[in-house]
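One letter stands for each residue in the lines below.
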Amino acid sequence: MSPQRPSLPLLGFAAYSGTGKTTLLEALIPKLTNAGLRLGVLKHAHHDFDVDIPGKDSYRLRKAGASQMLIASRNRHVMMTETPDAEAEFNYLLSRFDCEKLDIILVEGCKNIAFPKVELHRNELNKPWLYPNDKNIIAIAADEVVESELPQLNINDLDAIAQFVVDYAKCFGTEKPASGSCDTLSPAFLSVEQGRQAILERVQTLTDIETTELPNAYNRVLARDITSPVNVPSYRNSAMDGFAIRSDDLNREHYQVVAEIMAGDSYANVVEHGQAVKIMTGAALPEGADTVIMREQASVTGETVTFGSATIKAGQNVRQAGEDLSIGQNVFSIGQRLSSPEIGMLASLGMNHAPVYRKLKVAIFSTGNEVQAPGTPASESHIFDSNRYTLMGLLAHLGCETIDLGIIEDDEQSMVNALNNASQSADVVLTSGGVSVGDADFIKSALESLGTIEFWRINMRPGRPLAFGKINNTPIFGLPGNPVAVMVSFINFVEPALRKMQGEVNWNPLKVPAVATEDLRSRQGRTEFTRGIYSFNERGQLIVKSTGKQGSGILRSMSEANCLIEISPAVDTVKVGESVTIIPLQGRI
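By the naming in an unreviewed UniProt entry, the chain goes by Molybdopterin molybdenumtransferase and is assigned to Vibrio plantisponsor. Quoted verbatim from the Pathway (unreviewed entry) heading of the UniProt record, the comment on the chain is "Cofactor biosynthesis; molybdopterin biosynthesis." In its Cofactor (unreviewed entry) section, the UniProt record describing the chain reads: "Mg(2+)".

Structural data, given as structure tokens:
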């Protein structure tokens, strides 16, 4: 488990190489210490470094094989730790500081990690700004002024920067220096999260409810709360094979075995003092008996049993009626998607039906004269339609009922008819192709003539173009035409919307950190979804690499991938050994 970050101010200085981060900090630190701040400084370096001097005792001992070398003198002590397998995790490094003796930790670098930062910028370097794509930047120190609500400082005014840091440290945990909206994107673009939220706000959960038999309830969503109609267990029973006796009769040397009770059987008589019954796991305890001694602690001679030196506690090894669930207790809440454990649980309560939302009907079709159906003779000027089949598979994973409308030619009236009919027969309509700049305008004009449609450019790759709106109050998704872009767009925008419409609540995709085993590049300012393969190394650490070439038409890369590597807009490069977010795909595609 990752260590918690220390509970004291943390402030980074983020900039591109050559901006002068170290020079600025070197001049800033004396001003901060003179202001009374006790400083800790974390410096991140991409290159290798050595703080020890060759020939010194500590250097010789470390090079001899010590993975940790602690050297101490009257004035200072230093712990040097070798990390050849992976770079130390950021929170772990912070936990190495003695925070009781510090007022603030300053960080040089680590611009790809989420924590409060000041962006340093020099115009002469001609580097892009970080603040529009990093919501963790709380101020700018530059040699020019930009249009931003963030506090702006002159990068050459060290006194002003020092005062900002002092004020930041003082107001930590209360009111921080004002920072404006840090998701400042061009009006023509939306972030992935903005697009997803806009869609979720526009779709509604189904209201139609049906009761289905349990075998047909797999992957459906509960439409009502489930409470237990019975006690679980429904009667007192033995938690193991053994002998049942009375708890007010524990100290006898031996007991008479008067019965044997198998699971499913019962003993009609009361167990008296001096008596015991042999009992199997799950069998009902007879009246009078309330304690079970395991069979391994018992010695049986004829019809007599003894328990030797076994320590016996009153009530041990007995499961009480209603111990797991009592009558009327909540079992599952509305919005729960039913998988195998849930269906088994319902069956264990004696239920053979479940109240669920009806299946979501999703109509799909592909567009384009260049698209031909699989199974037809190949043509040099055509491509086989993979998107429709990909979407059918994705919809099947979500338990949707698919209405396949095939391939619609590049003809406006044909598309108008298809969209209009689909919107009246389905709950959702998905199309692929015809939403990119430069595509034929038939799908766009058809959508606009029938309903309210917005054409968005999303700050992501692959899958930038996206159309969303409603026709006859039916949500319509216009997905891009490239095969990988279709899948990535579906995962990010369509799947969350369908899950909400199906009634599922509190769903979020699993996202976990992994260590990159290769350099991963992105374009700053957009979210990059790289197809990846994650695994565990010999130390049990989660690691990830890309599938190779990342063209949006390389559908094979999605087949090879078991995750998406999500690189945020604030990051331009992930180095080997650095942490990156992955989205596992098992069960989703």
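### Considerations on the overall build of the chain
Counting its regular elements, the chain contains 11 helices and 37 strands. Scaling as 2.2 N^0.38, a compact globule of 589 residues should have a C-alpha radius of gyration of about 25 Å, whereas the chain reaches 33 Å, well beyond that. Principal-axis analysis of the C-alpha atoms places the extent of the chain at approximately 95 × 85 × 45 Å. Among the 589 residues that make up the chain, the fraction classed as buried is 46%. Restricting to contacts in the chain with at least 6 residues of sequence separation, those with at least 24 account for 68%. Surface accessibility of the chain: about 29600 Å² in total, with carbon and sulfur atoms responsible for 48%.

### Notes on the sheet that holds strand E5 (residues 104-108)
One open sheet holds the 6 strands; their spatial order is E2-E5-E1-E6-E7-E8, and the pairing between them is parallel. Edge positions in the sheet fall to strand E2 (39-43) and strand E8 (152-154), since each of these pairs with one other strand and no more. Going from strand to strand, the sheet's axes swing by 25° on average, the running direction of each strand aside. The pairing of strand E6 (residues 117-121) with strand E7 (residues 137-142) spans 5 bridges and is classified as parallel. When the bridges of E7 are listed, His121 appears paired with Ala142. Contacting strand E1 (10-14), E5, E6, E7 and E8, helix H4 (residues 158-170) crosses the sheet at an angle of about 150° to E1.

### Observations regarding H4
The first and last C-alpha atoms of H4 sit 18 Å apart over 13 residues, in line with the 18 Å expected at 1.5 Å per residue. Along H4, the positions that sit buried rather than exposed are Ile161, Ala162, Phe164, Val165, Val166, Tyr168 and Ala169. Structurally, H4 contributes buried residues whose contacts are with E1, helix H1 (21-34), E5, E6, E7 and E8.

### Considering the sheet that holds strand E14 (residues 255-261)
Strand-to-strand pairing in sheets goes through backbone hydrogen bonds, with the strands running parallel or antiparallel. Strands sit in the order E16-E13-E15-E14-E18-E17 across an open sheet of 6 strands; the sheet is mixed. Unpaired on one side and paired on the other, strand E16 (291-294) and strand E17 (299-301) mark the two borders of the sheet. Here the average twist between neighbouring strands, direction ignored, is 40°. Judged from the 4 bridges that link them, strand E13 (residues 242-245) and E16 form a sheet pairing that is antiparallel.

### Regarding the pairing of strand E33 (residues 527-536)
Taken across its 10 residues, E33 has 7 buried, putting it largely inside the fold. Where strand E28 (residues 460-461) lies against E33, 2 bridges are found, and the strand directions are parallel. When the bridges of E33 are listed, Arg461 appears paired with Glu528. Here 5 bridges tie E33 to strand E35 (residues 563-567), and the two strands are oriented antiparallel to one another. Each bridged residue has a counterpart across the sheet, and for Phe529 the counterpart in E35 is Glu566. As paired elements, E33 and strand E34 (residues 542-546) share 5 bridges and run antiparallel to each other. Residue pairing across strands places Phe536 opposite Leu542, the latter belonging to E34. Where E33 folds back onto E34 in an antiparallel hairpin, the turn is made up of 5 residues, including Gly540, whose phi is positive at roughly 80°.

### Examining the pattern of salt bridges
Applying the stated criterion across every chain yields a total of 21 salt bridges. Glu193 serves as the salt-bridge partner of Arg196, at 2.8 Å between the closest nitrogen and oxygen. Highlighted residues: Arg196 and Glu193, both in helix H5 (residues 192-202), separated by 3 residues, approximately one helical turn. Its relative accessible area of 15% is what places Arg196 among the buried residues. The partner of Glu504 in a salt bridge is Arg337, and the shortest N-O contact between them spans 2.7 Å.

### Some points on the nonpolar core
Ile199, Val362, Leu430, Phe477, Phe490 and Leu498 are the most contacted members of the largest nonpolar core, which totals 41 residues. Every element with two or more residues in this core is listed here: H5, strand E22 (361-367), helix H7 (387-397), strand E26 (428-432), strand E27 (452-458), strand E29 (465-471), strand E30 (474-479) and helix H10 (483-501). Looking at which element gives the most residues to this core, the answer is H10, with 11 residues. Not counting the four nearest positions on each side in its chain, Phe477 is found in contact with Ile199, Val428, Val429, Leu430, Thr431, Ala467, Phe468, Phe493, Val494 and Ala497. Counting residues in hydrophobic clusters, the runner-up holds 25 residues, among them Ala15, Leu106, Ile155 and Val165.

### Topic: unusual backbone geometry
In this chain, Val232 is followed by Pro233 through a cis amide linkage whose omega measures -5°. Residue Pro462 is reached from Arg461 by a cis peptide bond, and omega for that bond is -5°. Positive phi outside glycine occurs at Asn472, with the angle close to 55°. With respect to the helices and strands, Asn472 occurs in the loop between E29 and E30. In the Ramachandran plot, Asn506 falls in the positive-phi region, its phi being about 60° despite a non-glycine side chain. Position of Asn506 among the secondary structure elements: in the loop between H10 and strand E31 (512-516).

### Notes on the packing of aromatic side chains
The full count for this structure, using the stated rule, is 5 aromatic pairs. In this structure an aromatic cluster arises from ring pairing among Phe243, Tyr255 and Phe307. Above the ring of Phe115, the side-chain terminus of Lys117 is found at 4.9 Å from the ring centroid.

### Focus on the environment of Leu61
Examined against the element boundaries, Leu61 turns out to sit in helix H2 (residues 57-63). Remark: the alpha-carbon pair of Leu61 and Pro496, spanning 435 residues in sequence, is separated by 56 Å. Beyond its immediate chain neighbours, meaning those up to four positions away, Leu61 contacts Ala66 and Met69.

### Notes on the side chain of Thr212
Considering the arrangement of structural elements, one finds Thr212 in strand E10 (residues 209-213). The class of Thr212 is buried, set by a relative accessible area of 8%. Once residues within four sequence positions are removed from consideration, Thr212 is found in contact with Ala217, Asn352, His353, Ala354 and Val356.

### Remarks on the packing of H7 against H10
One way to put it is that H7 packs onto H10 with a least axis distance of 11 Å and a crossing angle of 30°. The chirality of how H7 crosses H10 is right-handed. Between H7 and H10, the contacting residues are Asn387, Thr390, Leu391, Leu394 and Leu395 on the first element and Pro483, Val486, Met487, Phe490 and Leu498 on the second. Across the contact of H7 with H10, the residue classes tally to 8 nonpolar, 2 polar and no charged.

Procedures and definitions
Residues numbered from 1 in each chain as written. Predicted model: local features only at pLDDT ≥ 70, side-chain atom pairs only at ≥ 80, totals over all residues. Heavy atoms only, no water. UniProt positions renumbered as here; feature names shortened; annotations may be inferred. Helix = DSSP H or I, 4+ residues; strand = E, 2+ residues; numbered from the N terminus. Rg over C-alpha atoms; globule rule 2.2 N^0.38 Å. Buried < 20%, exposed > 50% of the residue type's maximum accessible area, 1.4 Å probe, protein only. Contact = heavy atoms within 4.5 Å. Areas by Shrake-Rupley, 256 points an atom, 1.4 Å probe, with all protein chains shown as cover. Pairing = 2+ DSSP bridges. Axes fitted to C-alpha atoms, helices over the stretch in contact; angles between N-to-C directions. Expected span 1.5 Å × (residues − 1). Salt bridge = Lys/Arg side-chain N within 4 Å of Asp/Glu carboxyl O. Core = buried A, V, L, I, M, F, W, Y, C linked by side-chain atoms within 4.5 Å. Phe/Tyr/Trp six-rings, centres within 6.5 Å; stacked < 30°, edge-to-face > 60°. Lys NZ or Arg CZ within 6 Å of the ring centre and 35° of its normal. Left-handed = near helix turned anticlockwise from the far one by under 90°. Nonpolar A, V, L, I, M, F, W, Y, C, P; charged D, E, K, R; others polar.

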